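Next come the chains, spelled out residue by residue.
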Amino acid sequence: MTESDCIFCRIAAGDIPADLIHEDDQVLAFRDIAPQAPLHVLVIPRKHIPSVASVDDEDQGLMGRLVTVARDVAVAEGVASAGYRLVINAGSDGGQAVDHLHLHVLGGRGMGWPPG
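Residues numbered from 1 in each chain as written. Predicted model: local features only at pLDDT ≥ 70, side-chain atom pairs only at ≥ 80, totals over all residues. Heavy atoms only, no water.

In this structure, Asp19 sits in the loop between helix 1 (7-12) and strand 1 (20-23). Placed eleven residues apart in sequence, Asp19 and Phe30 show a C-alpha to C-alpha distance of 5.3 Å. The contact partners of Asp19, leaving out residues within four places of it in the chain, are Ala29, Phe30 and Arg31. (Helix = DSSP H or I, 4+ residues; strand = E, 2+ residues; numbered from the N terminus. Contact = heavy atoms within 4.5 Å.)

Written out as structure tokens, the structure is:
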């Protein structure tokens, strides 16, 4: 898959509209179009990284940025005090549906365990 074929790269480029709730030079956060909880936001890097399995040592700062943006989303959306879940799926068996690293922020309801 090339970046021009990647739906998340196209969202990051502004070619496909999304309900953005955060945008900076490294990261975007937007509402999932098929939410699995009252709050379901995807946090993605602008840089095309196919999966968490593809993260390089040079991406450590970017990974930290994804998590801090996810935390900020939970606070801004009012779910931080009750609790929320962060999920990164890797590969088809892990439930990854789009081959671009993304972090799910899920909240607004109780989360069961185990998750799947």
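On we go.
Time to look at the sheet that holds strand 1. The five strands lie next to each other as 1-2-3-5-4, forming an open sheet whose pairing is antiparallel. The two strands at the open ends of the sheet, each matched to only one other strand, are strand 1 and strand 4 (84-87). If you compare each strand with its neighbour and ignore which way they point, the axes differ by 15° on average. Where strand 2 (residues 27-31) and strand 3 (residues 39-45) come together, five bridges link them in antiparallel fashion. Across the sheet, residue Leu28 finds its bridge partner in strand 3, namely Ile44. On the sheet, helix 2 (residues 60-76) packs against strand 1, strand 2, strand 3, strand 4 and strand 5 (103-107) and is oriented at approximately 155° with respect to strand 3. (Pairing = 2+ DSSP bridges. Axes fitted to C-alpha atoms, helices over the stretch in contact; angles between N-to-C directions.)

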